[in-house]
Amino acid sequence: MEAFNKILLLVFILAVPLFCLLSVTRFLVLNESTYEHALLQGQAELVTGVSLEQLTAVNQEIRNYLLGFSDAPLRISVVTNEGISLSIFNDREVNHMIDVRNLMQLFWKIHDGLFIFILSSLAISFIKFRDDPLLKIAADVRAASLTGIGLFAILAGLIFTGFDSAFYKFHELMFTNDLWILNESTDRLLQMYPRDFWYWATVRLAGTTSVLIFLMLGLSHLYLKIRRAESDGRPESIARWIN
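Let us look at the structure shown here. This structure is a prediction, so every number in the text was calculated from the model and none was measured.

## A closer look at the overall build of the protein chain
Assigned secondary structure in the protein chain consists of ten helices and two strands. Its helices and strands in sequence order give the protein chain the pattern α-α-α-α-β-β-α-α-α-α-α-α, from N to C terminus. Its C-alpha atoms give the protein chain a radius of gyration of 23 Å, more than 25% over the compact-globule value 18 Å for 243 residues. Per-residue burial over the protein chain gives 36% buried out of 243 residues. Pairs at least 24 residues apart make up 74% of the contacts formed inside the protein chain by residues separated by at least 6 positions. Per element, the accessible surface of the protein chain, about 14100 Å² overall, is 65% carbon and sulfur. The average position of the 20 basic charges and that of the 24 acidic charges among the side chains of the protein chain differ by 12 Å.

The following block contains the structure:
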């Protein structure tokens, strides 16, 4: 039983920062401003020769596709500024987006599974440690937060000292084909989502996730400090620790 509890704690410690990362990822995919930023940053209207109104509609379809609201492949017709009707994405891009959607759906399933696991772990803590479940939860959350900070510090170092290499390696690990290798001069998917956008998105993902983890660390550490002071016979108030 002791070995099982240690394994459960280890999984919880790893699950919390991963859950935070996937939560922010899901938020970015859900948030329409993410797609608006991509179009504006890469001057997509000028580069693609397609109106901003149509590109915004294409982005809406991409968003729904990645979130699982739509199953149809992204064979989207647009009219260029020269009046030519065509499919905005070629077959290679459409097939790559099928791979991306499958990957996103896997991420969402993992995210949902982690949510259930974390809730179950918290419920177990309330059952097993009835006298003081919050003390156990705070200690576990602090350990998970510290682990997350360490892992993200290593990851951030790898990414921001060589973003292009890390971006390339990520695609090699996540995909079993080379459909993700696109030509920015001909492939509109890359023109709509250029390299600089992905750097911005990575910074936002890492930054927001770090804020969440540091917030959890601060709150759990504050609670443990107050409880430790109370156990030593020195009642403390939250106001004192904040000040």
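## Regarding the packing of helix α1 (residues 2-30) against helix α5 (residues 91-128)
It is the contact of α1 with α5, at a shortest axis distance of 8 Å, that shows an interaxial angle of 135 degrees. Compared by their axis directions, α1 and α5 come out oblique. The handedness of the crossing between α1 and α5 is left-handed. Here the contact of α1 with α5 is composed, by residue class, of 19 nonpolar, five polar and three charged.

## Some points on the side chain of T209
Mapping T209 onto the fold places it in helix α9 (residues 195-231). Classification of T209 as buried rests on a relative accessible area of 0%. Residues contacting T209, with those up to four places away along its chain left out, are C20, L21, V24 and F152.

## Thoughts on the nonpolar core
Among the nonpolar cores identified, the biggest contains 43 residues, and I62, F89 and M192 are the most heavily contacted of them. Every element with two or more residues in this core is listed here: α1, α2 (32-41), α4 (52-67), α5, α6 (133-160), α8 (188-192) and α9. For this core, the element with the most residues is α5, which contributes nine residues. If we skip the residues at most four places from it in the chain, I62 touches Y35, L74, F89, M97, M192 and Y193.

## As for α2
Buried within α2 are the following residues: T34, Y35, A38 and L39. Taken around the axis of α2, the buried residues stretch over an arc of 135 degrees, which confines them to a single face. On its buried face, α2 sits against α1, α3 (44-48), α4, α8 and α9.

## Brief notes about the packing of α4 against α5
For the pair α4 and α5, the least separation of the axes is 8 Å and the interaxial angle reads 50 degrees. The orientation of α4 with respect to α5, classified from their angle, is oblique. Within the contact between the two elements, α4 uses I62, Y65, L66 and L67 and α5 uses M97, I98, V100, R101, M104, Q105 and W108. In the contact of α4 with α5, the residues fall into nine nonpolar, one polar and one charged.

## Comments concerning the pattern of salt bridges
According to the stated counting rule, one finds nine salt bridges in the structure shown. Between R26 and D112 there is a salt bridge, with its nearest N and O atoms 2.9 Å apart. A residue pair is termed long-range when its members are at least 10 positions apart, and R26 in helix α1 and D112 in helix α5 qualify at 86 residues. The class for R26 is partly exposed, based on a relative accessible area of 25%. Assessed through its relative accessible area of 37%, D112 is described here as partly exposed. Among the salt bridges present, the one from D71 reaches R101, with a minimum N-O distance of 2.6 Å. Taken together, the positions of D71 in the loop between α4 and β1 (77-79) and R101 in helix α5 put the pair 30 residues apart, joining distant regions of the chain. Among the ionic contacts, a cluster of salt bridges with common partners joins D164, R195 and D196.

## What about unusual backbone geometry?
Positive phi outside glycine occurs at Q43, with the angle close to 45 degrees. Mapping Q43 onto the fold places it in the loop between α2 and α3.

## A word on the packing of aromatic side chains
One pass over the structure, following the stated rule, counts nine aromatic pairs. Centroid distance F19 to F115: 6.0 Å. Interplanar angle 25 degrees. Geometry classified as stacked. Residue F19 is located in helix α1, and its partner F115 is located in helix α5; the two are separated by 96 residues in the primary sequence. Each ring, one from F163 and one from F167, has its centre 5.6 Å from the other, and the planes form 25 degrees; the classification is stacked. In this pair, F163 and F167 both sit in helix α7 (residues 163-174), four residues apart, roughly one turn of the helix. Since its relative accessible area comes to 27%, F167 is described here as partly exposed. Members of the aromatic cluster, connected to one another through ring pairs, are F163, F167, Y193, F197, W198, Y199 and W200. The ring of Y65 carries R101 above its face, with NZ or CZ at 5.2 Å from the centroid.

About the criteria used
Residues numbered from 1 in each chain as written. Predicted model: local features only at pLDDT ≥ 70, side-chain atom pairs only at ≥ 80, totals over all residues. Heavy atoms only, no water. Helix = DSSP H or I, 4+ residues; strand = E, 2+ residues; numbered from the N terminus. Rg over C-alpha atoms; globule rule 2.2 N^0.38 Å. Buried < 20%, exposed > 50% of the residue type's maximum accessible area, 1.4 Å probe, protein only. Contact = heavy atoms within 4.5 Å. Areas by Shrake-Rupley, 256 points an atom, 1.4 Å probe, with all protein chains shown as cover. Lys, Arg positive; Asp, Glu negative; His and termini not counted. Charge placed at Lys NZ, Arg CZ, Asp CG, Glu CD. Axes fitted to C-alpha atoms, helices over the stretch in contact; angles between N-to-C directions. Parallel < 35°, antiparallel > 145°, perpendicular 65-115°, else oblique. Left-handed = near helix turned anticlockwise from the far one by under 90°. Nonpolar A, V, L, I, M, F, W, Y, C, P; charged D, E, K, R; others polar. Core = buried A, V, L, I, M, F, W, Y, C linked by side-chain atoms within 4.5 Å. Arc of directions from axis to C-beta. Salt bridge = Lys/Arg side-chain N within 4 Å of Asp/Glu carboxyl O. Phe/Tyr/Trp six-rings, centres within 6.5 Å; stacked < 30°, edge-to-face > 60°. Lys NZ or Arg CZ within 6 Å of the ring centre and 35° of its normal.

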